[in-house]
Amino acid sequence: MTDADVTKVRSLLGRYSGGDLSAIEELIAPEFFTYAPGADEPTATEIFAGFAADLRAAAPDLAIDIPDLAPGDDGRLHGSAVLTGTHSGPLFGATSTGRDFRIEIPVTLRTANGRYAVNAELAPPEAVAILRSIGLVPPADQMHLPLKEPVVVPDFLLKVLFTGQVADKPCPHLAGVRVTQPTTDRCDDCGPDDVWPALRMCLTCGHVGCCDTSTNKHAKLHWEQSGHPLMRSIRMDEGWIWCYEDSAFFQRRTLESIEARLAGNA
Amino acid sequence: MAYMVHQRFASAIRDAYGGKAERSEIQRQLDEARRTRDWLEALEIDGQLRASLVEPIAIVEDAFRGLLGASRTGRDAVR
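Residues numbered from 1 in each chain as written. Chains lettered and ligands numbered in written order. Predicted model: local features only at pLDDT ≥ 70, side-chain atom pairs only at ≥ 80, totals over all residues.

### Remarks on the overall build of chain B
Helix and strand content of chain B: 3 helices and 0 strands. Reading chain B from its N terminus to its C terminus gives the helix and strand order α-α-α. Split into buried and exposed, the 79 residues of chain B put 41% on the buried side. (Helix = DSSP H or I, 4+ residues; strand = E, 2+ residues; numbered from the N terminus. Buried ≥ 20, exposed ≤ 12 C-beta atoms within 10 Å, placed from the backbone.)

In structure tokens, the structure reads:
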């Protein structure tokens, strides 16, 4: 990686900041550092292009630059991506905050056939702070309450945020899924006055419990007591899967492939 | 969602301590996490700021409590 790469990356980001969404497709390689999409999976180029369009819709004046981008001794580019703009439109179901924002994210880029694979390096508290600043996560003292807005963050982004990586982690428990659809829309383990932000369903026995952000954490308690490690989100249209034992996250398409397998076995 | 983002701390703790550490060591770590959370919760600062400080340490405490529970029940604490 050379200074020519730095110039090229900053030029493409400049085009995106000027409103040219196609610059992202020219910038981003189809694969991430640890993400090699299968034949039926979206490429990194497509994923980033989708995010870029979503961000542009939420902040039409969005500008992205990496002012300190420079080649490192490891053959990669390093710097801090700086996103600035005004949050004036909805994003992933959250209404706009109307506020100006400035978000700084450390990134590493490596070259891949003339385009670039981007890896963002955010510690969990930093990631949460960013999500809060754009209204996707409630204030810390309101986390246990039902969400006020129909926020649904794309599965892929959740996977990165929850696990710190884009590749699926191995999980032998997926083969043991027996049920996928809930039969209730409440946490029966909670009291009549309890509230929760979201519900999770056990994919072994169908138990439905309140999520880990809730006060009672009955879904997690169910895993601890039963040993059933896999749960899915049943909040709104979400269908992502979490394995408590393997700390593994799977996107909705994994649930859909399991459902197809179960239907084939029926 | 924030709990799950912080879950990366819990995953790291389970990787480091699950199945390897002595039960007394996990108990010691749990006590430290609990003490830290109690201290943070007692800070007389803005409630939202205080809650954001408590948020990650509560995950750490949960992780050690889970490991301790697993060692009690005989359940494998790690994959």
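### Some remarks on the overall build of chain A
Across its full length, chain A holds 7 helices and 10 strands. Across its three principal axes, chain A shows a C-alpha extent of roughly 60 × 40 × 30 Å. Looking at the 266 residues of chain A, the share that counts as buried comes to 35%. Once local pairs closer than 6 in sequence are excluded, the contacts in chain A between residues at least 24 apart make up 56%. (Contact = placed C-beta atoms within 7 Å.)

### Here's the deal with the environment of A:S22
Its location among the elements puts A:S22 in helix α2 (residues 22-27). Once the C-alpha coordinates of A:S22 and A:L12 are considered, the two residues, 10 residues apart in sequence, prove to be 9.1 Å apart.

### Examining the interface of chain A and chain B
Buried accessible area, meaning the area lost when the parts come together, often serves as the stated size of an interface. Taken together, the 21 residues of chain A in the interface contact 21 residues of chain B. Breaking the side of chain A that touches chain B down by element, the ones donating at least two residues are α4 (124-133) and α5 (155-163) of chain A. Element by element, the count of residues in the side of chain A that touches chain B is highest for α4(A), at 4 residues. Tallied by class, the residues present in the side of chain A that touches chain B amount to 11 nonpolar, 5 polar and 5 charged. (Nonpolar A, V, L, I, M, F, W, Y, C, P; charged D, E, K, R; others polar.)

### A short note on the pairing of strand β5 (residues 115-120) of chain A
Sheet faces and side chains relate simply in a regular strand, where the side chains alternate between the two faces. Inspection of the sheet shows strand β4 (residues 100-112) of chain A paired to β5(A) by 6 bridges, in the antiparallel sense. Counted as the bridge partner of A:T108 is A:N119 from β5(A). (Pairing = 2+ DSSP bridges.)

### Digging into the packing of α5(A) against helix α1 (residues 2-17) of chain B
Packing of α5(A) against α1(B) leaves a shortest axis separation of 6 Å and a crossing angle of 40°. The angle between α5(A) and α1(B) places the two elements in the oblique class. Packed against α5(A), whose contacting residues are A:L161, A:F162 and A:T163, the element α1(B) presents B:M4, B:V5, B:Q7 and B:R8 at the interface. (Axes fitted to C-alpha atoms, helices over the stretch in contact; angles between N-to-C directions. Parallel < 35°, antiparallel > 145°, perpendicular 65-115°, else oblique.)

### So, helix α7 (residues 252-265) of chain A
Residues and elements named next belong to chain A. In this model, α7 (14 residues) spans 20 Å end to end at C-alpha, consistent with the 20 Å of a helix rising 1.5 Å per residue. All of the buried residues along α7 are T254, L255 and I258. End-on, the buried residues of α7 take up no more than an arc of 100°, which puts them together on one face. Across α7 from its buried face, at more than 90 degrees, point the exposed residues E256, A260, A263 and G264. Where α7 is buried, its residues meet β8 (230-233), β9 (241-243) and β10 (248-250). (Expected span 1.5 Å × (residues − 1). Arc of directions from axis to C-beta.)

### Considerations on the domain arrangement of chain A
Considered domain by domain, chain A is made up of domain 1 (3-136) and domain 2 (172-265). Measuring from the centre of the C-alpha atoms in domain 1 of chain A to the corresponding centre in domain 2 of chain A gives 31 Å. (Domains from an automatic or database assignment.)

### Quick look at α1(B)
All names here are of chain B. Its 16 residues place the ends of α1 23 Å apart at the C-alpha level, agreeing with the 22 Å of an ideal helix rising 1.5 Å per residue. If you check which residues of α1 are buried, you get A2, Y3, M4, V5, H6, Q7, R8, A10, S11, I13 and R14. Residue G19 follows α1 closely and has a positive phi angle near 75°.

### Quick look at the confidence of the model for chain B
All names here are of chain B. Model confidence for chain B is summarised by a mean pLDDT of 88, while 89% of its residues fall at 70 or above. Within chain B, helix α2 (residues 23-42) carries the highest mean pLDDT (96), whereas helix α3 (residues 47-73) carries the lowest (88). Overall fold confidence for the complex sits at a pTM of 0.89, while the interface term, ipTM, reaches 0.83. (pLDDT = per-residue confidence, 0-100.)

### Describing the pairing of β8(A)
All names here are of chain A. With burial as the criterion, each face of β8 is covered, one bearing L230 and R232 and the other bearing M231 and S233. Relative to β8, strand β6 (residues 199-202) runs antiparallel, the two sharing 3 bridges. From the neighbouring strand, C202 faces β8, where its bridge partner is M231. Note that β8 and β9 share 3 bridges and pair antiparallel. Within β9, the position partnered with M231 by the bridge is W242.

### Brief notes about the sheet that holds β10(A)
Residue and element names in this part refer to chain A. Read from one edge to the other, the open sheet built from 5 strands follows the order β7-β6-β8-β9-β10, with strand pairing classed as antiparallel. The open sheet has two edge strands, β7 (208-210) and β10, and neither has a second partner. Neighbour to neighbour, the strand axes of the sheet diverge by 30° on average, direction disregarded. Across the sheet, helix α6 (residues 218-226) touches β6, β7 and β8, and the angle it forms with β7 is around 125°.

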